[in-house]
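As a plain string of letters, each chain reads:
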Amino acid sequence: MSEQHRKQIDNHGFSLVELLVAIVILAIVVVPLLHTFVSSARTNMLARRRLRVTTAAQDIMEGLKADTIEELSYQFNYPYADEFGGTIPAGIKDANRFHIVSPRMVDGDIKELQSDDGVSFTDVVLGEDAASKDDVTASMYSVDQGVNYEFIGHKEGNPDDGVYYFSMEDVTMQNTNFDALIRVDAKPYRGAETDPEKHNSKEVVNITNMNTKYDAFYVQSTDLVKQVLQTYNAKYSPEPEVKADDLTMTIRISVMNTVSGAKNLTKVTLTYEFTVDGAVNQPDPEVHVIYNNVESGKDLESVYLFYMPMYYGKTDTIIYENMNNVPATFYIVKQEPASVTPQLKADEIGYKCTVQIKENTSSFADRYTVLRSNLSTNLYDVYDPVSPNKLTGISYSYNGAPPKSAEDMEVKDLTGLKKQDRIFDIRIGIYEPGAAANGYRDEDRITELTGSKDN
């Protein structure tokens, strides 16, 4: 066999040295690629997790914006819900149960925290655990597990006043587990009452507890008089044309109740009646049904009238007819014009209104209606202190008896007429599981979301 033929059929393969060299070259090429693949997978996993927790933080943000600071404080100090198990104290209202997120998603503690520096946190002292009210550091005070409670915020002068911290531990949302630290800050929106940008420092009526199942309410349109005049003048074509200062306004609220089985079926209507000076015809009355409990079956608790005075030197009349003696609180909330000018000062000083309460009772001592009102308050006083800041052109009567003063009629101030932190900033920190037990360290934070409640 020739030498050339032997070379052609030589198939002994690679030597060991050649194989080792090939493996080394392959390792040099493949190992960086594997590292790239692993890093890419880890990056994608972290990105997916960050997206999930950011989405979860957005869900929490929407839940926080739906409530006032007082409502948030209650939920974090007394987070009762069926999903938590155990016994819910009698008297806890359904609306008070924790609803920022579904309680089924939270396996750990839900609570308020306190902090002097925003870095270190401790648990608050609840009313049930304090020796006295002065020792309470929670923003909600109760001694009966939240059945009866008072929102106290933070003590006057506390450097943390207006700033609240809330914690949720072991939350599962978007297939991710985490702890959440919430910071609510109302401080930037406080200031002088005359500063239009400092909304939290202006005294307003608290209507956050209104519920259509229990309460009747009506907000008078700012264009009501304009609409009445247009309708009246178009229908009757009077000569001369009727102007706003020709009208006198009466607002009649009727509370009607019938008993059906074990239920009180209650209906509340509101009627505007306008009379015109020197004219025989009157604008057609406007009748509005503002409450009907046929579906809810709930007993009426309150009637709210958000009303705008006519002024023009006339006397407005508000009549509350409660001939079926339905126990309820009647709130008359006098509102200022949408655009406040110095004319309001003169209008308020000359403002006159009479309020008539009619019930089926033998004496004022047997009354069923509690009356709360700001009619005697000079609305311009908040913009420029005026004298008198309490108006004298308001009178009250009960079942046609001679007019009484507000004091004699035992008229109370509007509940909740106070400065409130209605607007606040929110910061939600999402942390690794177990971060709450470690004091919410920065190194455990996954992401952070900020937002604001603006009404």
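Relevant structure appears above.
Source: prediction; values computed, not measured.

Asker: Help me understand unusual backbone geometry, please; the structure alone is not making it clear to me.
Answerer: A negative phi angle characterises most non-glycine residues, just as the trans form characterises most peptide bonds. In this model, Glu 239 is joined to Pro 240 through a cis peptide bond whose omega is -5°. You can see Pro 240 is positioned in the loop between helix H4 (224-236) and strand E9 (247-260). For Ser 237, which is not glycine, the phi dihedral falls at a positive 45°. Looking at where Ser 237 falls in the secondary structure, it is placed in the loop between H4 and E9.

Asker: Which parts of the structure should I look at to understand a nonpolar patch on the surface?
Answerer: On the surface, a nonpolar cluster with roughly 550 Å² of combined accessible area is contributed by Val 17, Val 21, Val 24, Ile 25, Ile 28 and Val 29. Of note, Ile 28 is situated in helix H2 (residues 16-65). Exposure remark for Ile 28: the relative accessible area of 58% places this residue in the exposed category.

Asker: What am I meant to see in the sheet that holds strand E5 (residues 163-173) here?
Answerer: Paired through backbone hydrogen bonds, the strands of a sheet run either parallel or antiparallel to each other. The strand order E2-E1-E5-E6-E19-E20 describes an open sheet built from six strands, whose pairing is antiparallel. The two strands at the open ends of the sheet, each matched to only one other strand, are strand E2 (122-123) and strand E20 (445-453). With nine bridges connecting them, E5 and strand E6 (residues 176-185) associate as antiparallel partners. Across the sheet, residue Val 171 finds its bridge partner in E6, namely Phe 178.

Asker: Would you take a moment to explain the pairing of strand E19 (residues 424-431) for this structure?
Answerer: For a regular strand, side-chain orientation follows a simple rule: the groups alternate between the two sheet faces. Counting buried residues in E19 gives six out of eight residues, a clear majority hidden from the surface. Pairing between E6 and E19: seven bridges, direction antiparallel. Across the sheet, residue Ala 180 finds its bridge partner in E19, namely Ile 430. Alignment of E19 against E20, held across eight bridges, turns out to be antiparallel. Pairing of Ile 430 across the sheet is with Thr 447, part of E20.

Asker: Explain the pairing of strand E12 (residues 302-307) to me, please; I cannot follow it from the model alone.
Answerer: Within E12, six of the six residues are buried, leaving the element largely enclosed by the surrounding structure. The pairing of strand E8 (residues 215-219) with E12 spans five bridges and is parallel. Counted as the bridge partner of Phe 217 is Tyr 304 from E12. One ladder, built from six bridges, connects E12 with strand E14 (residues 328-334); its direction is parallel. Each bridged residue has a counterpart across the sheet, and for Val 303 the counterpart in E14 is Phe 330.

Asker: Whenever I open this one, the sheet that holds strand E16 (residues 369-373) confuses me. Can you help?
Answerer: Spatially, E8-E12-E14-E16 is the arrangement adopted by the four strands of the open sheet, whose pairing is parallel. Strands at the two margins of the open sheet, each flanked by one partner only, are E8 and E16. Across this sheet, the average inter-strand angle for adjacent strands is 10°, counted without regard to direction.

Cut-offs used in this document
Residues numbered from 1 in each chain as written. Predicted model: local features only at pLDDT ≥ 70, side-chain atom pairs only at ≥ 80, totals over all residues. Heavy atoms only, no water. Helix = DSSP H or I, 4+ residues; strand = E, 2+ residues; numbered from the N terminus. Patch = residues over 30% accessible without salt bridge, like charges linked within 9 Å, V, L, I, M, F, W, Y side chains within 5 Å. Areas by Shrake-Rupley, 256 points an atom, 1.4 Å probe, with all protein chains shown as cover. Salt bridge = Lys/Arg side-chain N within 4 Å of Asp/Glu carboxyl O. Buried < 20%, exposed > 50% of the residue type's maximum accessible area, 1.4 Å probe, protein only. Pairing = 2+ DSSP bridges. Axes fitted to C-alpha atoms, helices over the stretch in contact; angles between N-to-C directions.

Any link to function would need more than the numbers given here.
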